Amino acid sequence: MRPGTVRYRPAGTPSLAYRLGEWTASVLFLGVFGTLMWVMCSPVAAVTYCLVAVLLSVRRPCFVDVDRFTAGVFLVPRRNYPPFFAVGFARYGPEPDAGRSGLQVTIGRRSLMVCALLPRAEWAEFQRRKAKREARKRDGAQ
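Keep in mind the model is a prediction, meaning the values are calculated, not measured. (Residues numbered from 1 in each chain as written. Predicted model: local features only at pLDDT ≥ 70, side-chain atom pairs only at ≥ 80, totals over all residues. Heavy atoms only, no water.)

## Some words on the sheet that holds strand 1 (residues 62-66)
If you trace the five strands from one edge of the open sheet to the other, you get 1-2-5-4-3, paired in antiparallel fashion. Each edge of the open sheet carries a strand with a single partner, namely strand 1 and strand 3 (85-91). Taking each pair of neighbouring strands and ignoring which way they run, the sheet shows an average axis angle of 15°. Bridge count for strand 2 (residues 69-75) against strand 5 (residues 110-116) is seven bridges, and the pairing is antiparallel. Considered in strand 5, the bridge of Gly-72 is made with Met-113. (Pairing = 2+ DSSP bridges. Helix = DSSP H or I, 4+ residues; strand = E, 2+ residues; numbered from the N terminus. Axes fitted to C-alpha atoms, helices over the stretch in contact; angles between N-to-C directions.)

## Overview of the packing of helix 1 (residues 16-40) against helix 2 (residues 43-56)
Direction vectors running N to C along helix 1 and helix 2 enclose 155°, while the axes themselves pass 7 Å from each other. Here helix 1 is positioned roughly antiparallel relative to helix 2, judged by the angle of their axes. Viewed along their axes, helix 1 and helix 2 form a crossing whose handedness is right-handed. The segment helix 1 lies against helix 2, with Phe-29, Leu-30, Phe-33, Gly-34, Met-37 and Trp-38 engaging Pro-43, Ala-45, Ala-46, Val-47, Tyr-49, Cys-50, Ala-53 and Val-54. (Parallel < 35°, antiparallel > 145°, perpendicular 65-115°, else oblique. Left-handed = near helix turned anticlockwise from the far one by under 90°. Contact = heavy atoms within 4.5 Å.)

## Brief notes about the pattern of salt bridges
Pairs can form between side chains of opposite charge whenever their charged atoms are close. Counted according to the given criterion, the structure contains two salt bridges. The partner of Arg-59 in a salt bridge is Glu-22, with the nearest N and O atoms 3.3 Å apart. Of this pair, Arg-59 sits in the loop between helix 2 and strand 1 while Glu-22 sits in helix 1; the two residues are 37 residues apart in sequence, bridging distant segments of the chain. You can call Arg-59 exposed: its relative accessible area is 61%. (Salt bridge = Lys/Arg side-chain N within 4 Å of Asp/Glu carboxyl O. Buried < 20%, exposed > 50% of the residue type's maximum accessible area, 1.4 Å probe, protein only.)

## Observations regarding the environment of Val-76
Inspection of the secondary structure puts Val-76 in the loop between strand 2 and strand 3. The spacing of Val-76 and Pro-61 is 15 residues in sequence and 9.9 Å in space, taken between C-alpha atoms.

Honestly, it's all geometry; don't read function into it.
What follows is the structure in structure tokens.
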């Protein structure tokens, strides 16, 4: 580090060592408690516990896209006062008549969502436009 360089970390941001320790402790606890539940109760109870524990530990949005579909977890804003547990449908837009795109499960402030990014009819058009854009980029770069 050069002299005079100031390292800035926003207030409330934990250090890397703290985060690694927290992660290690949670993995060990999940492993031990999940194994005990597997042996004493049932595999379904153990898997359910582990999934809910991981879901409730999320602190920022995480999504995985697979072709036309996406799955992920995000935090519901505090101003919306979500119920403790809810099952509902994700929609393509904020309008009340927007079509259903997938399933959404809310536990506390965390919401797990699996849905389609676009309706099937629009997805084909989106793929064609994307292919044209990429072809123009290749032609312009060469």
